[in-house]
2 protein chains.
Amino acid sequence: MEALQMTMRGIREMDLPKPRARKGEVCLRVELCGICRTDAKILREGHRDLLLPRVLGHEVCVIDDSTQKRYAVWPGETCGRCRECQSGMENLCPQMRILGFHRDGGFAEWMTAPRRSLLPAPPKLPSDLVCLAEPLACAINALEQTQVKTGWRVLIHGGGVVGLLMGMAAKEKGATPCVIEKRPAKRKMAAGIAESLELEIDEKIPGSRFDAAINATSDVKAFKEGLGALRNGGMYGFFSGLASDPDLSRQELNEIHYRQLRLAGSYGCTRRQMTQALSMLQRNISAAGHLIFRRIIFHEIVPYLPVVESGEFFRVLARPAQKD
Amino acid sequence: MEALQMTMRGIREMDLPKPRARKGEVCLRVELCGICRTDAKILREGHRDLLLPRVLGHEVCVIDDSTQKRYAVWPGETCGRCRECQSGMENLCPQMRILGFHRDGGFAEWMTAPRRSLLPAPPKLPSDLVCLAEPLACAINALEQTQVKTGWRVLIHGGGVVGLLMGMAAKEKGATPCVIEKRPAKRKMAAGIAESLELEIDEKIPGSRFDAAINATSDVKAFKEGLGALRNGGMYGFFSGLASDPDLSRQELNEIHYRQLRLAGSYGCTRRQMTQALSMLQRNISAAGHLIFRRIIFHEIVPYLPVVESGEFFRVLARPAQKD
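Throughout this description, residue numbers start from 1 for each chain and increase along the sequence as written. The lettering of chains begins at A and the numbering of ligands begins at 1, in the order of writing. Predicted model: local features are reported for residues with pLDDT of at least 70 only, side-chain atom pairs are reported and counted for 80 or more only, and whole-chain, interface and lining totals are derived from all residues. Derived side-chain values reflect all non-hydrogen atoms in the structure, with water molecules and hydrogen atoms excluded from consideration.

Chemist: Teacher, can you tell me more about the nonpolar core here?
Modeler: Soluble globular proteins: nonpolar side chains tend toward being buried together. Ranked by size, the top nonpolar core spans 102 residues in total, and within it A:Leu164, A:Met166 and A:Ile301 carry the most contacts. Two domains each put at least three residues into this core: domain 1 (2-135 + 269-319) and domain 2 (147-265) of chain A. Contacts are residue-level and defined by heavy atoms, with any inter-residue pair within 4.5 Å sufficient. Sequence-distant contacts of A:Ile301, defined by excluding residues within four places in its chain, comprise A:Leu4, A:Ile35, A:Phe107, A:Ile296 and A:Ala318. To qualify as a nonpolar core, a set must consist of buried Ala, Val, Leu, Ile, Met, Phe, Trp, Tyr and Cys residues joined through side-chain atoms within 4.5 Å. Per-residue accessibility, obtained with a 1.4 Å probe over protein chains only, is compared with the maximum for each type, and a residue is labelled buried under 20%, exposed over 50%, and partly exposed between these values. Counting 100 residues, the second-largest nonpolar core is a separate cluster that includes B:Leu125, B:Leu136, B:Cys138 and B:Ala264. Just so you know, the domain bounds were taken from an automatic or database domain assignment.

Chemist: For this particular structure, what's the right way to read the environment of A:Glu312?
Modeler: Residue and element names in this part refer to chain A. In this text, helices come from DSSP runs of H or I with a minimum length of four residues, and strands from runs of E with a minimum of two, each type numbered from the N-terminal end. With respect to the helices and strands, the residue Glu312 is situated in the loop between helix H12 (301-310) and strand E18 (315-319). On a C-alpha basis, the gap between Glu312 and Gly159 in space is 9.9 Å, while along the polypeptide they are 153 residues apart. Not counting residues within four places of it along the chain, the set of residues in contact with Glu312 comprises Arg183, Lys186, Met189 and Val307.

Chemist: Looking at this structure, I do not really get the relation of the copies chain B and chain A. What am I missing?
Modeler: Related by rotation about an axis and a shift along that axis, the two copies of the chain form a pair. In this comparison the copies share one frame, found by least squares on the C-alpha atoms of residues holding pLDDT of at least 70 in both. Laying chain B over chain A is done by rotating through 180° and shifting 0.0 Å along the axis; what remains is an RMSD of 0.0 Å. Given the turn and translation reported, the copies of this chain are related as if by a two-fold rotation axis. Taking C-alpha positions as reference, the residue of chain B nearest the rotation axis is B:Leu263, located at 2.4 Å. Taken as a fraction of all interface residues of chain B, those also at the interface in chain A reach 100%, which identifies the copy contact as same-surface.

Chemist: I tried to follow the sheet that holds strand E11 (residues 153-157) of chain A on my own but got confused; where do I start?
Modeler: Within a sheet, neighbouring strands are paired by backbone hydrogen bonds and run either parallel or antiparallel to one another. Here, strands pair whenever DSSP counts at least two bridges between them. As summarised here, the arrangement of the 12 strands in space is E13(A)-E12(A)-E11(A)-E14(A)-E15(A)-E16(A)-E16(B)-E15(B)-E14(B)-E11(B)-E12(B)-E13(B), forming an open sheet in which the pairing is mixed. Of all the strands in the sheet, the pair left with one neighbour each is strand E13 (200-202) of chain A together with strand E13 (200-202) of chain B. Taking each pair of neighbouring strands and ignoring which way they run, the sheet shows an average axis angle of 20°. In terms of strand pairing, strand E14 (residues 210-215) of chain A meets strand E15 (residues 230-238) of chain A through 4 bridges, oriented parallel. Bridging across to E15(A), A:Ile214 finds its partner in A:Gly237. Whenever a helix is involved, its axis is fitted only over the stretch in contact; in every case the axis is a line through C-alpha atoms, and angles between N-to-C directions fall within 0 to 180 degrees.

Chemist: Which parts of the structure should I look at to understand the interface of chain B and chain A?
Modeler: As a measure of interface size, the accessible area lost when the parts come together is often cited. Listed by partner, the interface residues are 45 residues for chain B and 45 residues for chain A. Defined in terms of a 1.4 Å probe, buried area is the accessible area two parts forfeit on being brought together, summed over both. Both sides of the chain B and chain A interface together cover about 3800 Å² of buried area, and 49% of this is carbon and sulfur. Sorting the residues of chain B by area buried against chain A places B:His257, B:Tyr258 and B:Gln260 first, and these three jointly supply 20% of that buried surface. A side-chain nitrogen of Lys or Arg and a carboxyl oxygen of Asp or Glu constitute a salt bridge if their distance falls within 4 Å. Applying the counting rule to chain B against chain A returns 2 salt bridges. Ionic pairing is found between B:Arg83 and A:Asp211, a salt bridge with its closest N-O pair at 2.6 Å. Think of a polar contact as two N or O atoms within 3.5 Å of one another; within protein, one of them needs to be a possible hydrogen donor and the other a possible acceptor, and neighboring residues in sequence only count if both atoms come from side chains. Inspection of the region where chain B meets chain A yields 27 residue pairs in polar contact (both at pLDDT 80 or more). Those elements that provide at least two residues to the side of chain B that touches chain A are helix H2 (83-86), helix H4 (133-145), strand E15 (230-238), helix H9 (250-258) and strand E16 (262-265) of chain B. At 7 residues, the largest contribution of residues to the side of chain B that touches chain A is made by H9(B). Grouping the constituent residues of the side of chain B that touches chain A by class yields 18 nonpolar, 16 polar and 11 charged. When strand E16 (residues 262-265) of chain A meets E16(B), the two strands line up antiparallel, connected through 3 bridges. Counted as the bridge partner of A:Ala264 is B:Arg262 from E16(B). By the convention adopted, Pro, Cys, Tyr, Trp, Phe, Met, Ile, Leu, Val and Ala count as nonpolar, Lys, Arg, Asp and Glu as charged, and the other residues, Gly among them, as polar.

Chemist: Hey, could you run me through the pattern of salt bridges in this one?
Modeler: Two side chains carrying opposite charge are able to pair once their charged atoms lie near each other. Residues and elements named next belong to chain B. Tallied over the full model, the rule gives 43 salt bridges over all chains. Taking the shortest distance from any N to any O, the salt bridge between Arg271 and Glu90 comes out at 2.6 Å. Of this pair, Arg271 sits in helix H10 (residues 271-283) while Glu90 is found in the loop between H2 and strand E8 (97-98), placing the two residues 181 residues apart along the sequence. Each of the two residues, Arg271 as well as Glu90, counts as buried. We note a salt bridge from Lys224 to Glu252, for which the minimum N-O separation is 3.6 Å. You can see Lys224 sitting in helix H8 (residues 220-228) and its partner Glu252 sitting in helix H9, a full 28 residues away along the chain.

Below is the structure:
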């Protein structure tokens with residue numbers, strides 16, 4: 001089958017055997033797979049959770065050929081027995097194997113997934129948007145960990161796909177999000193979704209102190225700026241890992257102590273959150289549609305990686321060539 | 001009256017006029033005042049909240065001469081109207097004026113305090129222990145912010161007065177605290193209270209990952225060690241400001257993101273927490289008694305500051321000379 005495999009030498013188009021489902025798994029036809037910025041950066045930067053060789057891709061819309069049903073796939077495989085799994089934090093299972101990181105993902109005609117990771121796609125939800133369920137679920141997890149409440153003013157750094165999905169999810173929680181995006185072109189691109197959602201997008205942090213701030217960018221400056229913008233007792237959602245050393249001075253870090261701030265890490269998402277994400281997308285089809293930049297076919301992925309890595313465009317989705 | 005005043009030139013014994021109570025305030029006779037390590041370090045390091053000239057001392061047991069009643073004093077004076085005051089976070093009031101920092105404190109024969117900051121001392125609680133109500137309340141605040149629950153394993157870095165009071169308060173919450181103290185002499189000194197409370201004190205972090213960790217020391221190494229000792233999803237209580245730059249690498253800070261840890265700052269305490277502290281001390285008179293190292297008189301404070309700053313001993317309390 002057609003597939004893109006990453007090895008130590010890079011990402012290459014390959015003819016791989018169709019994978020075989022093991023016990024509890026299903027073999028699924030990939031209809032579409034989103035290209036996350038992590039997929040694009042991984043070639044240069046590596047990733048804590050990546051095992052090579054690997055077929056990347058974890059934002060998938062798949063079809064079970066035996067039933068013709070469409071699914072989003074929760075990109076985790078967990079032990080189900082540990083403390084984290086038992087307490088609703090399955091995304092933190094120490095034995096977690098992530099789709100497209102520990103096991104082969106969606107940049108291929110076929111992939112396997114545990115049956116319990118399949119989440120039925122709402123019938124009217126376009127497949128493009130099914131691919132957004134995973135990033136939206138991660139944004140929902142960040143808002144949950146940050147304990148965002150109705151009426152809260154929430155600062156979101158980064159007006160990319162995830163920052164804007166986070167804005168959408170914050171709106172649904174009854175909060176008032178404000179998305180900070182420094183690049184004029186990106187703010188312009190976001191005008192469509194911003195209008196649909198009545199979402200505030202600014203270049204600079206406006207007005208007074210925020211109840212919560214979350215980083216949807218790996219920029220260290222944004223991280224520091226967000227902490228500084230919180231009211232006393234405010235919550236910081238540490239959603240994006242930082243790209244470089246934090247370079248925090250004693251004074252800056254001690255503000256967390258003196259102002260009784262809270263910092264809540266978040267990583268990945270749970271099946272529950274991804275099921276919520278699918279319903280939320282169903283309620284916001286027209287707004288979320290603004291976040292799809294282009295559909296390409298698998299053999300265009302490699303030339304498109306720099307485009308994705310630039311962070312200057314919205315979501316690029318890839319599909320097998322056969323479907324042309 | 002006899003008083004110790006800090007100016008730009010240091011801390012000196014002075015003959016100051018007896019202070020006059022303003023509206024809503026009471027003039028109180030100081031019976032005893034604890035010397036906090038912050039008081040000792042402030043001379044060399046300064047403090048964010050210190051306004052000079054100042055009579056230091058914020059851990060007081062005072063007497064209202066008109067009624068002969070003893071009080072602990074909540075060391076805050078707040079606006080009572082802001083968002084923080086209204087939501088039970090009066091310790092974060094932006095207009096906060098702290099006893100011994102913004103207004104004159106307990107290293108003097110007399111001091112004034114807002115009437116609403118007076119907390120009646122339980123009749124059988126020795127005055128030495130009334131002076132521990134403030135540090136204990138700060139420890140209670142840290143445990144609350146860190147959301148410590150029954151059954152939790154809680155790592156506490158620092159076996160000084162506050163770390164041990166935090167151990168006591170964690171025990172009362174039904175948690176299992178483990179206090180880390182590197183200095184053998186300090187561990188030996190803590191044997192008495194440890195035995196009374198059945199409190200674990202160790203040199204090194206024992207066993208597996210903790211539900212929560214809190215720093216009762218300004219050591220950066222302890223801060224990093226505590227974060228590392230948490231289970232996935234664990235809570236870090238950022239109780240002590242750090243003495244030097246945190247020197248956190250990208251990898252270390254990103255663990256908060258990847259392992260979905262939480263960091264909860266805490267600073268000071270509220271009146272409610274200090275009232276709780278007085279009752280808790282009443283229930284633990286014999287254990288808490290181990291934390292009193294020595295009673296001195298005011299004019300011995302200056303020579304004792306290096307002793308207090310060394311952090312090698314338990315609480316030193318000072319009282320006016322007249323009472324000899």
